[in-house]
Amino acid sequence: MSISIIKSTVEEMVKPFIDENGFELVDVEYVKEGSNWFLRVFVDKEGGIDIDECGRVSEYLSEQLDQKDPITDAYFLEVSSPGAERPLKKPEDVHKAVGKHVYMTTYEPVQGQKEFEGLLQSFNGEVVSIREGQRNFEIPYAKVASARLAIVF
């Protein structure tokens with residue numbers, strides 16, 4: 001089974017529990033690190049998710065995975081918060097991040113650079129506007145390779 005099929009299968013399995021409990025599924029990763037496979041599920045909720053809630057998601061998902069057994073390899077299941085530097089995977093995530101400090105990379109240079117860190121001023125679904133110092137950048141969303149919240153020190 002391909003990694004993308006495993007990810008979408010896990011998303012489908014956990015989604016009812018996530019929705020029922022008012023949580024948000026941020027991301028699912030299935031990655032190999034060294035000789036071990038890891039299935040990582042990142043969940044959140046308004047105001048932040050705590051370790052007990054992550055534990056409940058883990059228990060539910062573990063039972064579902066045991067019953068349906070979609071993954072043939074041995075793996076470690078990890079359920080956690082996305083953390084302070086939460087990834088912005090979907091357009092809705094970017095909309096929610098307007099007014100916050102972000103870090104973005106692009107597939108190709110925009111105004112001469114491929115990395116941006118600053119205040120996310122706006123997002124209209126097609127263009128992301130970031131203020132970095134004294135400069136404003138208008139970045140086509142189709143060119144965004146990765147985006148996450150960023151901590152300001």
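Since the structure is predicted, the reported quantities are computational estimates derived from the model, not experimental observations. (Residues numbered from 1 in each chain as written. Predicted model: local features only at pLDDT ≥ 70, side-chain atom pairs only at ≥ 80, totals over all residues. Heavy atoms only, no water.)

Caption draft 1: Quick peek at the pattern of salt bridges. Under the defined criterion, the tally for this structure stands at twelve salt bridges. In this structure, the salt-bridge partner of Glu 24 is Lys 96, at a minimum N-O distance of 3.7 Å. With Glu 24 in strand E1 (residues 24-33) and Lys 96 in helix H3 (residues 91-96), this residue pair connects regions lying 72 residues apart in the sequence. Here Lys 143 and Glu 108 are joined by a salt bridge, their closest N and O atoms 3.1 Å apart. Taken as a pair, Lys 143 in the loop between strand E7 (135-140) and strand E8 (144-149) and Glu 108 in strand E4 (residues 101-110) lie far apart in primary sequence, 35 residues in all. Accessibility expressed as a relative area gives 28% for Lys 143, which makes it partly exposed. Residue classification places Glu 108 among the partly exposed positions, given a relative accessible area of 40%. Bridged by salt links that share partners, the residues Glu 24, Asp 44, Arg 86, Asp 93 and Lys 96 form one connected network. (Salt bridge = Lys/Arg side-chain N within 4 Å of Asp/Glu carboxyl O. Helix = DSSP H or I, 4+ residues; strand = E, 2+ residues; numbered from the N terminus. Buried < 20%, exposed > 50% of the residue type's maximum accessible area, 1.4 Å probe, protein only.)

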